[in-house]
Amino acid sequence: MRKNARLRKAHRIAILIGLLAIGYFMKDRLIGQPTEGLLIDAGIGFDVETADADKVDYTTSVSSYVLTENSVTSAVYASSAPNFPQIREVRQRGLNKRFIAGFEKVYVISEDYARYGIRNMLDILFKDQFINDNGYVVVCGGKAQEIMKQEIPGYPSSVDFIEGMIDVGYTNNFFSKKYALIDVFKFVGSEGVNGVLPYIELKDGRIQVTGMALFSQDKMVEKLDMEETRMLNILRENISNGILTIQKSP
């Protein structure tokens, strides 16, 4: 009887030690990390440099929310490398907080990169299980990095302003709602489909939609102005909203 009691006691002690050991090794996963210690991804900008025919450098500009006890601001982290996986390694070396992906609202592609071809960007995003494929995609004049760094009063980042601008675009000028990353995956991978994306620029000191970027597979081939964009949208979109003014005579 005493022997059995000692065995039961030893068994209970072994179980207790095991539970304590599991708790010790799992404590980092069980205890949540304060939001102040995180960088939450809001949007990504893509640029390309092709000055040398034998050398291509890509730049991504990640706009991340910086959370403090009393405010929400943003910071842009730009990194360059010959390929996208290497860019992530370079970016991580300059961060002092944990980077959280999956909350992207907008992807901004420079015109230079759009004309060069965006397939490699789409490949790396498609393989990332944490990327938000419902975020909007736009093409910009100039550098995407400059668009991402714009400070807009009343908004924590330029990404939030661009998201709202594309959202309300559906209510006028006959724009569609189909400008998400998942829609870009579809038109790049579909035969006989020419994709379109909103074209934005810094104009008169603010970010504006100034037309549409027309694609053939993964390459931008033309930039349409707003009058051409309205006509294309009327012909292309089945469900859209806008005002069409027809003048018979002066």
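All chains use their own residue numbering, which begins from 1 and follows the written sequence. Only residues with pLDDT of 70 or above have their local features reported here, since the model is predicted, and side-chain atom pairs are shown and tallied only from 80 upward, although totals for entire chains, interfaces and linings are computed over all residues. To obtain the side-chain values, all non-hydrogen atoms of the structure were included, while hydrogens and water were left out.

## Re the overall build of the chain
Think of it this way: any DSSP run of H or I at least four residues long counts as a helix, any run of E at least two long counts as a strand, and we number them from the N terminus. Broken down by element type, the chain carries 8 helices and 9 strands. Each residue is assigned to one of three classes by its accessible area relative to the maximum for its type, calculated with a 1.4 Å probe on protein chains only: buried under 20%, partly exposed between the two thresholds, exposed over 50%. The buried share of the chain, taken over its 250 residues, is 38%. Note on contacts: a residue pair qualifies if any of its non-hydrogen atoms lie within 4.5 Å across the two residues. Pairs at least 24 residues apart make up 65% of the contacts formed inside the chain by residues separated by at least 6 positions. Carbon and sulfur atoms provide 53% of the accessible area of the chain, an area that totals close to 15200 Å². Computed with the Shrake-Rupley method and a 1.4 Å probe, the accessible areas treat only the protein chains shown as cover for residues.

## Quick word on the pattern of salt bridges
Salt-bridge detection follows one rule: a side-chain nitrogen of Lys or Arg within 4 Å of a carboxyl oxygen of Asp or Glu. Applying the stated criterion across every chain, the model contains 6 salt bridges. With a shortest N-O distance of 2.5 Å, aspartate 160 and lysine 105 are connected by a salt bridge. With aspartate 160 in helix α6 (residues 158-169) and lysine 105 in the loop between β4 (98-100) and β5 (106-110), the pair connects residues that are 55 residues apart, well separated along the chain. In this structure aspartate 160 comes out as buried when scored by relative accessible area, which is 13%. Residues aspartate 218 and lysine 219 are paired through a salt bridge, measuring 3.8 Å at the closest nitrogen-oxygen approach.

## Points about the side chain of threonine 229
With respect to the helices and strands, the residue threonine 229 is situated in helix α8 (residues 226-236). Separated by 3.2 Å, the side chain of threonine 229 and the backbone nitrogen of methionine 212 make a polar contact. Residues within four places of threonine 229 in sequence aside, it is in contact with Phe175, Gly211, Met212 and Leu224. The term polar contact refers here to a pair of N or O atoms within 3.5 Å; inside protein, the definition further demands a hydrogen-donor-capable atom paired with an acceptor-capable atom, and it admits residues adjacent in sequence only when both atoms are side-chain atoms.

## Looking at a nonpolar patch on the surface
Patch membership requires more than 30% relative accessible area and the absence of a salt bridge. Residues of like charge join within 9 Å; the nonpolar side chains Val, Leu, Ile, Met, Phe, Trp and Tyr join within 5 Å. Nonpolar side chains collect at one region of the surface, where Met231, Ile234, Leu244 and Ile246 lie side by side and expose about 390 Å² of accessible area between them. Checked against the element boundaries, isoleucine 234 lands in helix α8.

## With respect to the packing of helix α2 (residues 84-92) against helix α4 (residues 119-126)
Contact pair α2 / α4: the axes reach a minimum separation of 10 Å and the direction vectors enclose 65°. Packed against α2, whose contacting residues are Phe84, Pro85 and Arg88, the element α4 presents Asn120, Met121 and Ile124 at the interface. Ten residues, namely Ala, Val, Leu, Ile, Met, Phe, Trp, Tyr, Cys and Pro, are considered nonpolar, four, namely Asp, Glu, Lys and Arg, are considered charged, and the remaining ones, Gly among them, are considered polar. Residues of the contact of α2 with α4, tallied by class, amount to 4 nonpolar, 1 polar and 1 charged. As a rule, the C-alpha atoms of each element are fitted with a line to give its axis, helices using only the stretch in contact, and angles between N-to-C directions run from 0 to 180 degrees.

## A closer look at the nonpolar core
Nine residue types can take part in a nonpolar core, namely buried Ala, Val, Leu, Ile, Met, Phe, Trp, Tyr and Cys, and a core is a set of them joined through side-chain atoms within 4.5 Å. With 56 residues, the main nonpolar core has Phe46, Val108, Tyr113, Met121, Ile162 and Phe215 as its most contacted residues. The dominant element in this core, judged by the number of residues it contributes, is strand β1 (residues 38-52), at 6 residues.

## Some remarks on α2
Looking at α2, one finds that the buried residues are Phe84, Ile87 and Arg91. Along α2, the residues classed as buried sweep out an arc of 40° about the axis, all on the same side. Sitting at the amino-terminal end of α2 is asparagine 83, which places a side-chain oxygen 2.9 Å from the backbone nitrogen of glutamine 86. Here the arc refers to the set of directions running from the helix axis out to each C-beta atom.

## Re the confidence of the model for the chain
Taken residue by residue, the chain gives an average pLDDT of 83. The fraction at 70 or more is 85%. pLDDT measures how confident the predictor is about each residue, on a scale from 0 to 100. Put simply, helix α1 (residues 2-30) is where the chain has its lowest mean pLDDT, 56, and strand β6 (residues 136-140) is where it has its highest, 97. For residues 24-31, every residue scores under 50 in pLDDT, and the model assigns this stretch 0 contacts once sequence neighbours within four places are set aside.

## Concerning the pairing of β6
A large share of β6 lies buried, amounting to 5 of its 5 residues. Here β6 shows a buried face lined by Tyr136, Val138 and Cys140 and a second buried face lined by Val137 and Val139. Only when DSSP finds a minimum of two bridges between them are two strands counted as paired. Pairing between β5 and β6: 5 bridges, direction parallel. From the neighbouring strand, valine 106 faces β6, where its bridge partner is tyrosine 136.

## Comments concerning the environment of serine 157
Within the secondary structure, serine 157 is located in the loop between α5 (144-149) and α6. For the pair serine 157 and alanine 42, spaced 115 residues apart in the sequence, the C-alpha separation amounts to 8.2 Å.

## Some thoughts on the pairing of strand β9 (residues 219-224)
As defined by bridge partners, strand β8 (residues 206-216) adjoins β9 across 5 bridges and the pair is classed as antiparallel. The residue bridging alanine 213 from the neighbouring strand is lysine 223, located in β9. Between the antiparallel neighbours β8 and β9 lie 2 residues, among them glutamine 217 with a positive phi of about 55°.

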